[in-house]
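# Per-entry structural report
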Amino acid sequence: MNGTTGERDPRTTRAAEDDDWAWRRRIRSNPTWHRIYRIVVGVVGLLIVAGGLALVPLPGPGWVIVFVGLAVWASEFEWAQRLLHFARERLRMWSEWLKPRPWWVKGLVGLGTVVLVGAVFYLLFLVSGVPGLVPDQAAAWLARLPGLDG
């Protein structure tokens, strides 16, 4: 609570009385346990978001994992709730914009995504080299690209 206006500071945690779960109300009632809980939620959310961001250029659910990490943070932090709401709204707006577009526009968006992912992998392989887990045929093809020879 803000001492002068009676309003809660938006940087703080969500209000304990707004929580439907008894175990979280109990944790929030003890300042020490609440601080530890906030640290754990912050670290777990950070690990999930970082893992999701690392997976974004790869085929798969990178952005979904980022949203899950934001949801973990949003369970405890109001700033994360606002960020999650903002991100969901932008995603909804993008989906609504793309939905009525002709097939060729959707195809160009897909092609742009493939090119971006390819560029990220190329830059990654330039910096770190082609990993050994890449099949031999793919590694031989990649070796023909400029900068990735051997």
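Residues numbered from 1 in each chain as written. Predicted model: local features only at pLDDT ≥ 70, side-chain atom pairs only at ≥ 80, totals over all residues. Heavy atoms only, no water.

## Quick word on the layout of surface pockets
Cut-off, in case you're wondering: Lining residues are those with an atom within 4 Å of a point, where the points come from a 1 Å grid over the protein atoms alone and group into cavities, where a 1.4 Å probe fits but cannot get out, or pockets, open sets with protein on both sides within 12 Å along at least five of seven lines. Grid points are joined across faces, edges and corners, and a volume is the space filled by probe spheres set on the points. Helical segments are the DSSP runs of H or I of at least four residues, strand segments are the runs of E of at least two, and each set is numbered from the N terminus.
For the largest pocket, the calculated volume is near 470 Å³. As for the largest pocket, its lining consists of 17 residues, of which Val56, Gly62, Trp63, Thr113 and Leu116 are closest to the centre. At the level of elements, helix H3 (62–74), helix H4 (78–98) and helix H5 (103–128) are the ones that each hand at least two residues to the lining of the largest pocket.

## Some points on helix H2 (residues 31–55)
What counts, and what does not: In this scheme, a helix's expected span is set at 1.5 Å multiplied by one less than its residue total. Only protein chains enter the accessibility calculation, which uses a 1.4 Å probe. A residue is then buried if its area is under 20% of the maximum for its type, exposed if over 50%, and partly exposed in between. By definition, residues are in contact when any of their heavy atoms lie within 4.5 Å. Nitrogen and oxygen atoms within 3.5 Å of one another constitute a polar contact, given that in protein one can donate a hydrogen and the other can accept it, and given that sequence-neighbouring residues count only through two side-chain atoms.
For H2, which comprises 25 residues, the first-to-last C-alpha distance of 36 Å matches the rise-based estimate of 36 Å (1.5 Å per residue) to within 8%. When H2 is considered as a whole, its buried residues turn out to be His34, Tyr37, Val41, Gly45, Val49 and Gly52. Turning to H2, the residues buried within the fold contact helix H1 (22–29) and H3. Two to three positions downstream of the cap, the backbone nitrogen of threonine 32 sits 3.0 Å from a side-chain oxygen, assigning the N-cap of H2 to asparagine 30.

## A few points about the pattern of salt bridges
Note the threshold: Counted as salt bridges are all cases of a side-chain nitrogen of Lys or Arg within 4 Å of a carboxyl oxygen of Asp or Glu.
Inspection of the entire model under this criterion finds four salt bridges. Notably, a salt bridge pairs glutamate 76 with arginine 38, separated by 3.9 Å at the nearest N-O pair. Of the two residues, glutamate 76 is situated in the loop between H3 and H4 and arginine 38 in helix H2; the sequence distance between them amounts to 38 residues. Given the relative accessible area of 21%, arginine 38 is considered partly exposed. The partner of arginine 92 in a salt bridge is glutamate 96, with the nearest N and O atoms 2.6 Å apart. With a gap of four residues between them, arginine 92 and glutamate 96 both fall in helix H4, about one helical turn apart. Residue arginine 92 is classed as partly exposed on the basis of its relative accessible area, which comes to 36%. Residues joined by salt bridges that share partners form a network here, namely Arg28, Arg38 and Glu76.

That is the geometry; function is a separate question.
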